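# Residue-level structure breakdown
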Amino acid sequence: MADIGIGAAAVSSRYMAQVQRKRLYSGILLTLFVLLMAAGFNLAENRNAGGFLNGITHIFDFPAEVLHEAVRNHANLPALFAQFLPSLIETVNIAAVATLLGALMAVMLALLSTRGLARYPRLIPVFRRTMDAMRAIPEIVIALVLIFILGGGPVPAMIAIAFHTTGALGKLFSEVAENTDLKPVEGLASVGASWPQKMWLGVIPQVAPNWLSYALLRFEINIRASSILGFVGAGGIGYDLKTAMQWGQGKYDQVIAIFLLLFLTIVLVDQVSDHFRNRLVKGRPA
Amino acid sequence: MMSDTGSGALRAEVGALFARKRLLALAAPTAILLYLVYVFFAFDIPGIANRARMDNVRILLSDFWTYKTHVTRDNRSGDVIVAIEGEAKGTYAPGQLPDWVRREDGVTRIDLGQGHQVIYEGAGARYTVPGYGEIEIVPEGRALRLTAPEPLPDWINASDTRVAVTTDQGRFSFTRNRTEVLRYQPGWELFFFTLDSPFYGKPALQLASLALWGERVDPARSNIGYMLAEFWTNKMWRHGDVVWALFETVLMAFLGTIGAALAALPLAFAAASNFAPLRSVRYALRRVFDFLRGVDGLIWTIILSRAFGPGPMTGAFAILLTDTGSFGKMFSEALENIDAKQIEGVQSTGANALQRARFGVMPQIMPVLLSQVLYYLESNTRSATVIGAIVGGGIGLLLTQAISTQKDWEEVSYYIVLIILMVMAMDTLSGWLRARLIGNKG
């Protein structure tokens, strides 16, 4: 009996000690974290050309200047929209083709590297490492090297984005495929289906909604990537933006037209893909 | 009778369904194919075959893992300079020439290996190619006189003013102003120490013994410290600057991602329907998130670099702004999906709003939150490379600069290797943190 009484008091004090220790640890961690953030920010500011306090007062200067000029020349805007529409289409095309090709390759790699489905189970680690490597290489690296070989234009950006997309989607696809029900595959195997037939008829129907949803999300990401690669010299609307920016004052109506086109496209694709992804994954409209 | 017509109708219906499915199964690949055909012409793929510079591919493939040494003679003064990559910082001192270049009494003998030999003598030069013969060039007045076995093979390119010979062992060129031999050798030369360093050219074992127990080269400091300093300040490869650039890139990603998460968290509470009763506030915040996300990182980068100038802080803010939008949206969705019972439980003990959020809500959304933040941290390391190329900071800038000179390809491959290692390291780190913090769920 006495045992329990002492035990309760001991447990309670031990619990309080534990809570206090936990609080102390989280406190120390939090302080460290805050210090790290502050130090990092300080360092970043020191290595920046302009300071933070200096810059923050001017943050609206450039948008104001651009807007001012755009408002003055607002009559030009419709014509500018028409002028930049082809490059916008190019940017979207780069993203779309890269997503399409990347997704097709990702399907192959994902099926080859999923346990239980792989055609050559021994090669699973090889395919996985391939995807890891493809994911790790930033698009700009491939794009810049390809620009040197192929010259500027949409193709280097397309290949670069497709390459990265393959790695990124391959991993996600393979994670989805790991959760497939193997019964249809076994059923197909029992009637003598070949590996492509088993995959096409047994696996793809199960995973298609999730895969499509991931591919749509990638398309969204790839539009941004293709616009930013354009700025580095790979064609599309990013390249036009760069030329307009280099020109500077007097071309700001072009800058605003490109900003607007890009913004509207991204928002539109965002909303549309959000809607379809909700329908694909949850089976109902968003 | 009834069932017969019924099954007939059913069969027709199923038949129609199958026909439609088959049509759809055929239509999707056809649409994709048509689209690809359209893009094939829109991107001018046939034209790219003509524009592609296959010789550039060769340059890339060889320069990624080899270096070249220039042996250049100024034909007016007769001075001979031996320099790695033809750069001033890679120039051999007169008494330090590599063993395949010998200078005696104004005659320079260059041994290119495999029996290939070039001799600079007088005003002219001779190149001996085994299995072909001797190529001799002597300047005569304003033109060059070439003596070589006829017919001239296609690897000799000769005109009155310039003779160029390209073999597997190297390149040789002769113009009125200068004579030059380029020898290609495998490896990244001067990667550790430059020519002016006391440690240049010593084998690894000797270096190790020097570092551990050798006599001090510089009495003022230890050998190992001297070596590290020489390596860190290597003028050819600039290891110190490169490490700083890598660090800057990671810093951009870290500050941007964590800053965005910290900014988005309180905003997400105000944008979640179960925490913010005011519809208008919710609606407005959602539009703010959409706006932040919709204005692409590229546009934020441009606007911010106008205010803050080039550098890592600008890049960090560009990432921060874009991701505040993404995080705000995701966090508020996560908040809307939480279980209200835990909050009620905490509330029943008399907790105020802040305590309810801390003890009732945060434990529920923490796993989702952390896994998203860590995923973004890894992905933003890659974005920071691109953003760095635009705002002028980090490894992205070094990479674009090295590529735009179009000759330092071994530096390009060095940076590429480092970038990949950096991304993989961040990937591993974020995976490890995720496993430690929230278990193996994500």
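Rules used throughout
Residues numbered from 1 in each chain as written. Chains lettered and ligands numbered in written order. Predicted model: local features only at pLDDT ≥ 70, side-chain atom pairs only at ≥ 80, totals over all residues. Heavy atoms only, no water. Helix = DSSP H or I, 4+ residues; strand = E, 2+ residues; numbered from the N terminus. Rg over C-alpha atoms; globule rule 2.2 N^0.38 Å. Buried < 20%, exposed > 50% of the residue type's maximum accessible area, 1.4 Å probe, protein only. Contact = heavy atoms within 4.5 Å. Areas by Shrake-Rupley, 256 points an atom, 1.4 Å probe, with all protein chains shown as cover. Lys, Arg positive; Asp, Glu negative; His and termini not counted. Charge placed at Lys NZ, Arg CZ, Asp CG, Glu CD. UniProt positions renumbered as here; feature names shortened; annotations may be inferred. Pairing = 2+ DSSP bridges. Axes fitted to C-alpha atoms, helices over the stretch in contact; angles between N-to-C directions. Domains from an automatic or database assignment. Patch = residues over 30% accessible without salt bridge, like charges linked within 9 Å, V, L, I, M, F, W, Y side chains within 5 Å. Salt bridge = Lys/Arg side-chain N within 4 Å of Asp/Glu carboxyl O. Buried area = accessible area lost by both parts, 1.4 Å probe. Polar contact = N/O pair within 3.5 Å; in protein donor to acceptor, adjacent residues only side chain to side chain. Nonpolar A, V, L, I, M, F, W, Y, C, P; charged D, E, K, R; others polar. Phe/Tyr/Trp six-rings, centres within 6.5 Å; stacked < 30°, edge-to-face > 60°.

## Brief notes about the overall build of chain B
- What chain B contains, in helices and strands, is 13 helices and 12 strands.
- Here the C-alpha atoms of chain B give a radius of gyration of 34 Å, more than 25% beyond the 22 Å that 2.2 N^0.38 yields for 442 residues.
- Here chain B holds 442 residues, and 45% of them are scored as buried.
- Long-range contacts, defined as pairs at least 24 residues apart, comprise 56% of the intrachain contacts of chain B with a sequence gap of at least 6.
- Accessible surface, chain B: about 23200 Å² in total, of which carbon and sulfur atoms supply 60%.
- Considering chain B, the positive charge centre built from 42 side chains and the negative charge centre built from 41 side chains are found 9 Å apart.

## Concerning the UniProt feature "transmembrane region" (unreviewed entry) in chain B
Residue and element names in this part refer to chain B.
- According to UniProt, the feature "transmembrane region" (unreviewed entry) maps to residues 23-43, 242-269, 298-321, 383-400 and 412-433 in the numbering used here.
- Helix makes up 95% of residues 23-43 and strand 0%, whereas the separation of the span's terminal C-alpha atoms amounts to 30 Å.
- Here residues 383-400 is 89% helix and 0% strand, with 14 Å between the C-alpha atoms at its ends.

## Considerations on the sheet that holds strand β12 (residues 178-186) of chain B
Residues and elements named next belong to chain B.
- Here six strands make up an open sheet; going across it, the order is β2-β1-β12-β11-β10-β9 and the pairing antiparallel. Every interior strand has two partners, whereas the edge strands, β2 (80-84) and β9 (156-158), have only one. With strand direction ignored, the average angle separating the axes of adjacent strands in the sheet is 10°.

## Regarding the sheet that holds strand β8 (residues 143-147) of chain B
Residues and elements named next belong to chain B.
- With antiparallel pairing, six strands are arranged side by side in an open sheet as β3-β4-β5-β6-β7-β8. Two strands close off the open sheet at either side, each with one partner strand: β3 (101-104) and β8. Direction aside, neighbouring strands of the sheet carry axes that sit 15° apart on average.
- Relative to strand β4 (residues 107-113), β3 is paired through four bridges, and the arrangement is antiparallel. For R102, the partnering residue across the bridge sits in β4 and is R109.

## Examining the domain arrangement of chain A
- Domain assignment breaks chain A into domain 1 (2-56) and domain 2 (64-282).
- Its C-alpha centre places domain 1 of chain A at a distance of 40 Å from the equivalent point of domain 2 of chain A.

## Some thoughts on a nonpolar patch on the surface
All names here are of chain A.
- Residues L24, Y25, I28, L29 and L32 make up a contiguous nonpolar surface patch of roughly 540 Å² in combined accessible area.
- Mapped onto the elements, Y25 comes out in helix α1 (residues 2-46).
- The exposure class assigned to Y25 is exposed, which follows from its relative accessible area of 52%.

## Considering the UniProt feature "domain: ABC transmembrane type-1" (unreviewed entry) in chain B
- In the numbering used here, UniProt assigns the feature "domain: ABC transmembrane type-1" (unreviewed entry) to residues 246-430 of chain B.
- With 87% helix and 0% strand, the stretch residues 246-430 of chain B has end C-alpha atoms that lie 17 Å from each other.

## What about the UniProt feature "domain: ABC transmembrane type-1" (unreviewed entry) in chain A?
- As recorded in UniProt, the sites labelled "domain: ABC transmembrane type-1" (unreviewed entry) are residues 88-273 of chain A.
- For residues 88-273 of chain A, the end-to-end C-alpha separation is 18 Å, with 84% helix and 0% strand making up the annotated structure.

## Some details on the domain arrangement of chain B
- Partitioning chain B into structural domains gives domain 1 (67-186) and domain 2 (239-441).
- Just the C-alpha atoms count here: the centres of domain 1 of chain B and domain 2 of chain B sit 56 Å apart.

## A short note on the pattern of salt bridges
- Using the criterion set out here, one finds 22 salt bridges over all chains in the structure.
- Put simply, D270 of chain A and R293 of chain B hold a salt bridge, and the shortest N to O gap is 2.8 Å. Taken together, the residues D270 of chain A in helix α11 (residues 252-282) and R293 of chain B in helix α7 (residues 279-294) connect one chain to another. Summarising the burial analysis for this pair, D270 of chain A and R293 of chain B share the class buried.
- With its nearest N and O atoms 2.9 Å apart, the salt bridge here joins D290 of chain B to R287 of chain B. Of this pair, D290 of chain B and R287 of chain B both sit in helix α7, three residues apart, which is roughly one turn of that helix.

## A look at the interface of chain A and chain B
- With 64 residues of chain A in contact, the opposing surface of chain B contributes 64 residues.
- A per-residue breakdown of the area chain A buries against chain B is headed by R47, F148 and I149 of chain A, which together make up 13% of the total.
- Our count for the contact surface shared by chain A and chain B stands at five salt bridges.
- Counting every contact that joins chain A to chain B gives 11 residue pairs in polar contact (both at pLDDT 80 or more).
- Counting residues per element, the side of chain A that touches chain B draws most heavily on α11 of chain A, at nine residues.
- Split by residue class, the side of chain A that touches chain B holds 43 nonpolar, 11 polar and 10 charged.

## Section: the packing of aromatic side chains
- Applying the stated rule across the entire model yields 20 aromatic pairs over all chains.
- Between the aromatic rings of F41 of chain A and F317 of chain B, the centroid separation amounts to 6.1 Å while the plane-to-plane angle is 80°, which identifies the pairing as edge-to-face. Taken together, the residues span two chains, with F41 of chain A in helix α1 and F317 of chain B in helix α9 (residues 312-336).
- Owing to a relative accessible area of 28%, F41 of chain A belongs among the partly exposed residues under this scheme.

## With respect to the UniProt feature "transmembrane region" (unreviewed entry) in chain A
- Per the UniProt record, "transmembrane region" (unreviewed entry) is annotated on residues 24-44, 94-118, 139-163 and 255-272 of chain A.
- Secondary structure content for residues 24-44 of chain A is 100% helix and 0% strand, and the end C-alpha separation is 30 Å.

## Digging into the pairing of β4 of chain B
Residues and elements named next belong to chain B.
- Burial analysis of β4 places five of its seven residues in the buried class, which makes it a mostly covered element.
- In textbook terms, the turn of a hairpin is the stretch between consecutive antiparallel strands, and for β3 and β4 this stretch comprises two residues, one of which, D105, has a positive phi near 45°.
- Of the pairings in the sheet, the one linking β4 to strand β5 (residues 116-121) comprises five bridges and is antiparallel in character. Paired with D111 across the bridge in β5 is Q117.
- Hairpin remark: β4 followed by β5, antiparallel, with two residues in the connecting loop; positive phi at Q114, about 55°.

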